[in-house]
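Given next are the chains, with one letter for each unit.
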Amino acid sequence: MSGLRSFVARRLLLGVLQTAAVVLLVFALTEALPGDAAVALAGDQPDPARIAAVREAMGLDRPAGERLADWATGLLHGDLGTSLVSGRPVNRYLADGFGPTLLLASLTVVLLVPAGFGLGVLAARYAGRPADRLISSVTLAVYAVPEFALGVLLVTVFALRLGWLPPTAVGHGTDLLAHPAVLVLPVLVLLSRPVCSLARMVRAGMIDALASPYAAQARRYGVSGTRVRYAHALPNALAPAAQQLARTVDWLLCGVIVVEALYVIPGLGTVLLDAVAARDVPVVQGLAVVFGVLTVVLNLGADLVAHRFAPRAGVAA
């Protein structure tokens, strides 16, 4: 227990430092953006007075250190800032876009876990046989296809040629559950690569575990093959698979920009793209910080799960 508490304490401290680094990096990157945000927001052919007013409203006439301190203080109180374009709080943008993104991520994970682990266990059980070679070949081929290319292919076949599914979410609003057909193609695209990587990782972990001395010893003591696979080999494969799953969830919540843009889904990715196009710096900064904190939290959880199932793996804090 003392070792677990020490591990958790180290990871929490590292998470706090990583979060602080995310805040500093986001601020530095937005400061380094090319061009003048005040000129971009002042409209077509603005006069110097209009540019000066916008620059004052954005706080660009103040030193960067003061702006960073004010922004970080607001973040500590849950204030992500205010949009320069619409005047709405960034929290409202986050609330509006989080629902569709969370729905896509949740559906993908619900399907990903049984599919990825099931294919990985099946391939490991029949390692070297036709079933294993088929699963390995198909997962490698699907993983090699970029999400955008696969999305266009699925739209062409199932929406335009066959007419079975709608090509985009245009006209369906944010209540995507009321129109489940809209979700089929985006979820398939989001599943394509993660299920392949998870299945291959589970397969490799289980094959290594089944070939280990303790698995051989268990068989010599008469332990059934099913018990060796699922009670001994699978928990050891869960440690790296849990970290891969956390990275996948992080990508689903923070990196679905391509899929949301392709299928016109009003999620966080679309909000971020619109904010970048409009040079709405507070919205970009706020969403970037949220994405960064989610990454830190999910990786912290994955490390704790990996340490719980395979403490010998030596997950470094």
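Residues numbered from 1 in each chain as written. Predicted model: local features only at pLDDT ≥ 70, side-chain atom pairs only at ≥ 80, totals over all residues. Heavy atoms only, no water.

Our next topic: the packing of helix 6 (residues 130–143) against helix 8 (residues 181–210). Axis angle and axis distance: for two packed helices, these are the angle between their axes and the distance between the axes, and together they describe the pair. Running from amino to carboxyl end, helix 6 crosses helix 8 at an angle of 140°, the nearest separation of the two axes being 8 Å. The angle between the axes of helix 6 and helix 8 places the two elements in the oblique class. In this structure, helix 6 crosses over helix 8, and the sense of that crossing is left-handed. Each of Asp132, Ser136, Thr139, Leu140, Val142 and Tyr143 in helix 6 lies in contact with helix 8, whose residues at this interface are Ser192, Arg193, Cys196, Ser197, Arg200 and Arg203. (Axes fitted to C-alpha atoms, helices over the stretch in contact; angles between N-to-C directions. Helix = DSSP H or I, 4+ residues; strand = E, 2+ residues; numbered from the N terminus. Parallel < 35°, antiparallel > 145°, perpendicular 65-115°, else oblique. Left-handed = near helix turned anticlockwise from the far one by under 90°. Contact = heavy atoms within 4.5 Å.)

So, on to the packing of aromatic side chains. This structure, assessed with the given rule, holds one aromatic pair. Relative to Trp164, the ring of Phe158 lies with its centre 6.0 Å away and its plane at 45°, an arrangement referred to as tilted. Here Phe158 falls in the partly exposed class, since its relative accessible area comes to 27%. Taking the relative accessible area as the measure of exposure, Trp164 reaches 61% and is therefore exposed. Lying across the ring of Tyr93, Arg88 places its NZ or CZ 4.8 Å from the centre. Taking the ring centre of Tyr143 as reference, the NZ or CZ of Arg193 above it sits at 4.3 Å. (Phe/Tyr/Trp six-rings, centres within 6.5 Å; stacked < 30°, edge-to-face > 60°. Buried < 20%, exposed > 50% of the residue type's maximum accessible area, 1.4 Å probe, protein only. Lys NZ or Arg CZ within 6 Å of the ring centre and 35° of its normal.)

With respect to the secondary-structure elements, His172 resides in the loop between helix 7 (147–161) and helix 8. A residue is classified by how much of its surface remains accessible, and His172, at 25% relative accessible area, is partly exposed. Residues contacting His172, with those up to four places away along its chain left out, are His179 and Val182.

Moving on, we come to unusual backbone geometry. Positive phi outside glycine occurs at Val264, with the angle close to 50°. Its relative accessible area of 41% is what places Val264 among the partly exposed residues.

The terminal C-alpha atoms of helix 7 lie 20 Å apart, and with 15 residues this matches the ideal 21 Å at 1.5 Å per residue to within 8%. The largest bend in helix 7 amounts to roughly 25° and is located at Val155. Burial in helix 7 covers these residues: Glu147, Leu150, Gly151, Leu154, Val155 and Ala159. Immediately downstream of helix 7, the backbone of Gly163 shows phi near 70°, a positive value. (Expected span 1.5 Å × (residues − 1). Bend = angle between axes of the 7 residues up to and from the residue.)

We now examine helix 5 (residues 90–125). Between its first and last C-alpha atoms helix 5 spans 50 Å; for 36 residues at 1.5 Å apiece the expected length is 52 Å, and the two agree. Along helix 5, the sharpest change in direction is near 35° and occurs at Phe98; proline Pro100 comes one to four residues later.

Right, let's get into the side chain of Glu147. Position of Glu147 among the secondary structure elements: in helix 7. When neighbours within four sequence positions are excluded, Glu147 is seen to be in contact with Val189, Arg193 and Trp251.

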